[in-house]
Structure formats: structure tokens, C-alpha cells
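Spelled out from the first residue to the last, the chains are:
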Amino acid sequence: EGVIETPTVIERKRRVKSNDTIRISDIRDEYFAFIEQKYEKANTRRKWSRALDQFSELMGDLALKEIRPVMAYNFAQKQCDKNINVSNASIKDYHTGVSLMLKYCVRKGYIEVNTFQGIGMKEYGKQAQPWLPFTLQDLHNIFAYDWPEQERLLLAIIATTGMRLTEAGMLTWERFNDTEVEGVRYFSLIDTQDEHVAIKNEGSARHVPLHPELILPAKGKGRLFDYTVDENGLCSSSAGHIINPILDKIAPHKRKSAHSFR
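These remarks concern the structure in this document.

Rules used in this analysis
- Residues numbered from 1 in each chain as written.
- Predicted model: local features only at pLDDT ≥ 70, side-chain atom pairs only at ≥ 80, totals over all residues.
- Heavy atoms only, no water.
- Helix = DSSP H or I, 4+ residues; strand = E, 2+ residues; numbered from the N terminus.
- Buried < 20%, exposed > 50% of the residue type's maximum accessible area, 1.4 Å probe, protein only.
- Contact = heavy atoms within 4.5 Å.
- Areas by Shrake-Rupley, 256 points an atom, 1.4 Å probe, with all protein chains shown as cover.
- Core = buried A, V, L, I, M, F, W, Y, C linked by side-chain atoms within 4.5 Å.
- Phe/Tyr/Trp six-rings, centres within 6.5 Å; stacked < 30°, edge-to-face > 60°.
- Salt bridge = Lys/Arg side-chain N within 4 Å of Asp/Glu carboxyl O.
- 1 Å grid on protein atoms, 1.4 Å probe; cavity = no way out; pocket = protein on both sides within 12 Å on 5 of 7 lines; lining within 4 Å.
- Points joined across faces, edges and corners; volume = space filled by probe spheres on them.
- Nonpolar A, V, L, I, M, F, W, Y, C, P; charged D, E, K, R; others polar.
- Expected span 1.5 Å × (residues − 1).
- Pairing = 2+ DSSP bridges.

1. A look at the overall build of the protein
Now for step 1: Helix and strand content of the protein: eight helices and three strands.
Now for step 2: Going residue by residue from the N terminus, the α and β elements of the protein occur as α-α-α-α-α-α-α-β-β-β-α.
Now for step 3: When each of the 262 residues of the protein is scored for burial, the buried share is 40%.
Now for step 4: In the protein, once contacts between residues fewer than 6 apart in sequence are set aside, the share between residues at least 24 apart is 65%.
Now for step 5: Carbon and sulfur atoms make up 50% of the accessible area of the protein, which amounts to about 16,700 Å² in all.

As C-alpha cells, then:
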């Protein structure tokens, strides 16, 4: 009576998984956390996450060390078998996504070699058909249409500059310059200390000269257009949903859209 028993402490050694047995599912959460941190654009994060989940679905929850080069081809073929209309671009994206995961695993020491690196996927899936340019008659018909003021200005800009829809739709007056070079107006698509410009790639950072007959509204502040900006910092979906259905009626063709102005 009165004696306090000391509780028995049972020590359990933490189970450390051997690199030989680490499976895709074991690193999935940490890799997705890495993706969230590394990639700024939400659609890029989703693309690389989907690639890994698609690989697991079609190929199984493999041990990382079981992933061989031949599985890149098997994975591509399984995508073709699953969807006969799968695009080559989609297959390449999924291949790249798995390769990026393997590269991550090499850096973490889980495997020694990225077995998907250097493997081409050009033989799988359907090749994308390029957009067709608008004909001169198409352009006459497009600009004869009674567009709302905002859409007419947007179309005039992309038709005379070759800018992408989202590049033009995201323009701000702060990027406009009509003083630096005498007689030349241009928009800048180059980052400044005050503004980050949403462009497709580094090569898209440029100055865009404006045709002398392109009429702009009076210079203001902020954005030229009020299209909704998505989570990736782009407005192509918002602008495209307004413009493309009308373009499709004026110049009906499955390979013609706002991108045809480029």
C-alpha cells in the first residue's frame, strides 16, 4: 500500500523503410508537397500530380527500383489503349511528369538513376493539328461584326500585334510607352520591379510595337480589360469564352479560333 509503481516504458525502434522497398505511394505525399512549393502555376502543379497518379493507375504501385526504361513505352501504350484519341502532347506531358518524379527521387537518394530520362514519346498518340490562320475574307467578316467595344479593341490588338489572347487581355496602362522611341508606341511584356507579367515562357518577354492605325482609348491606369483572372494569373479562358463562340459562327472551322490571329 502506498507504493507507486513505475510505468514500464516500452521502446520501439522506428521502422525505417529500405530504399529497395519504397513504393510510389510511399513518396506521393512528400512529392506533391514538393510540387506545391516548386511550381507557381496551379495548372502546372495539377499536370505533374496527374501524371504520377495516372502512372500508378495504369502501371501499379511499383517499387521505385522496379521502374525500368521499358515501362515508359508500356505506360504510353496503355494510355493509347485506354483512349484511342489521346494526344501526343498529353502522353509527352505524362512522361515528363513521371520523369520529374524520378529525378526528385534521385536527388532524395531513393534511387540511383532516372530511368525515364532521354526517352522520346513522338511515336505515341495523335499529333496536334496546328491552328489555321484566318483568311482575308474571314478578317473582313470578323471586323464587320458588331462587337462590344471591349472585344473589338482586344481583337484589334491581337490581330495587329500577334500577341496571345491572355497577353493582350492582361495588359495594363503601366506597360504602355509612347515616349521612349519617337513616333513608336509599344506595350512591354517584360517584368518590372512593380509588376510581374504572365507570359508563356522567357522567350515571350518582349516589347510589342503597335500599328500606327490601331486606335487605343485615352490612357488610364491599371488594366485595359476587365476579363476575369484565373488562379494561374491568366484571362484566356474568360476572354475566350466570350470571343471564340462568335468567331466560330463567323469563321466556322475546328482549327480556327482566337489563336488563328497569331
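2. A look at the nonpolar core
Proteins that are soluble and globular tend to have nonpolar side chains buried together.
Now for step 1: Ranked by internal contacts, the top residues of the largest apolar core, which has 35 residues, are Phe55, Leu64, Ile67 and Met101.
Now for step 2: Only helix 1 (24–38), helix 2 (42–59), helix 3 (70–82) and helix 4 (88–108) provide two or more residues apiece to this core.
Now for step 3: Those residues in contact with Leu64 that sit more than four places away from it in its chain are Ile22, Arg23, Ile24, Ile27, Met101, Cys105, Tyr110 and Ile111.
Now for step 4: Membership of the second largest hydrophobic core comes to 34 residues, among which are Phe176, Leu189, Val208 and Leu216.

3. Points about the packing of aromatic side chains
For any pair of aromatic rings, the description consists of the separation of the ring centres together with the inter-plane angle of the planes.
Now for step 1: Going through the model one piece at a time under the given rule, you end up with 14 aromatic pairs.
Now for step 2: Taking 6.5 Å as the distance between ring centres and 50° as the angle between the ring planes, the aromatic pair formed by Tyr31 and Phe32 counts as tilted.
Now for step 3: Look at Phe32 and you get buried, because its relative accessible area is 15%.
Now for step 4: Taken together, the ring pairs in this structure connect Tyr31, Phe32, Phe34 and Tyr104 into an aromatic cluster.

4. Examining the pattern of salt bridges
Now for step 1: All told, the structure shown has nine salt bridges when counted by the stated rule.
Now for step 2: Where Asp29 meets Arg28, a salt bridge forms, and the shortest distance between an N and an O atom there is 3.8 Å.
Now for step 3: A relative accessible area of 58% places Asp29 in the exposed class.
Now for step 4: Under the relative-accessibility criterion, Arg28 is labelled partly exposed at 30%.
Now for step 5: A salt bridge links Glu231 to Arg46; its shortest N-O distance comes to 2.6 Å. In this pair, Glu231 sits in the loop between strand 3 (207–209) and helix 8 (236–250) while Arg46 sits in helix 2, placing the two residues 185 residues apart along the sequence.
Now for step 6: The network of salt bridges with shared partners includes Arg28, Asp29 and Asp53.

5. Some remarks on the layout of surface pockets
Now for step 1: Of the volumes computed, that of the second largest pocket is approximately 160 Å³.
Now for step 2: Considering the residues around the second largest pocket, the lining is formed by Phe143, Glu149, Arg152, Leu153, Ala156, Ala159, Thr160, Glu213, Leu214 and Ile215.
Now for step 3: Broken down by element, the lining of the second largest pocket gets its largest block of residues, six residues, from helix 6 (residues 149–161).
Now for step 4: Class assignment for the residues of the lining of the second largest pocket results in six nonpolar, one polar and three charged.

6. Concerning helix 2
Now for step 1: With 18 residues, helix 2 should reach 26 Å at 1.5 Å per residue; the first-to-last C-alpha distance of 26 Å fits that figure.
Now for step 2: Those residues of helix 2 lying buried are Ala42, Thr44, Arg45, Trp48, Ser49, Ala51, Leu52, Gln54, Phe55, Leu58 and Met59.
Now for step 3: Considering only its buried residues, helix 2 is in contact with helix 1, helix 3 and helix 4.
Now for step 4: Positive backbone phi, approximately 100°, marks Gly60, located one or two places after helix 2.

7. Examining the sheet that holds strand 3
Now for step 1: Here three strands make up an open sheet; going across it, the order is 1-2-3 and the pairing antiparallel. Every other strand in the sheet has two partners, leaving strand 1 (176–177) and strand 3 as the edge strands with one partner each.
Now for step 2: Across three bridges, the pairing between strand 2 (residues 186–188) and strand 3 is antiparallel. Directly across from Phe187, in strand 3, lies its bridge partner Val208.

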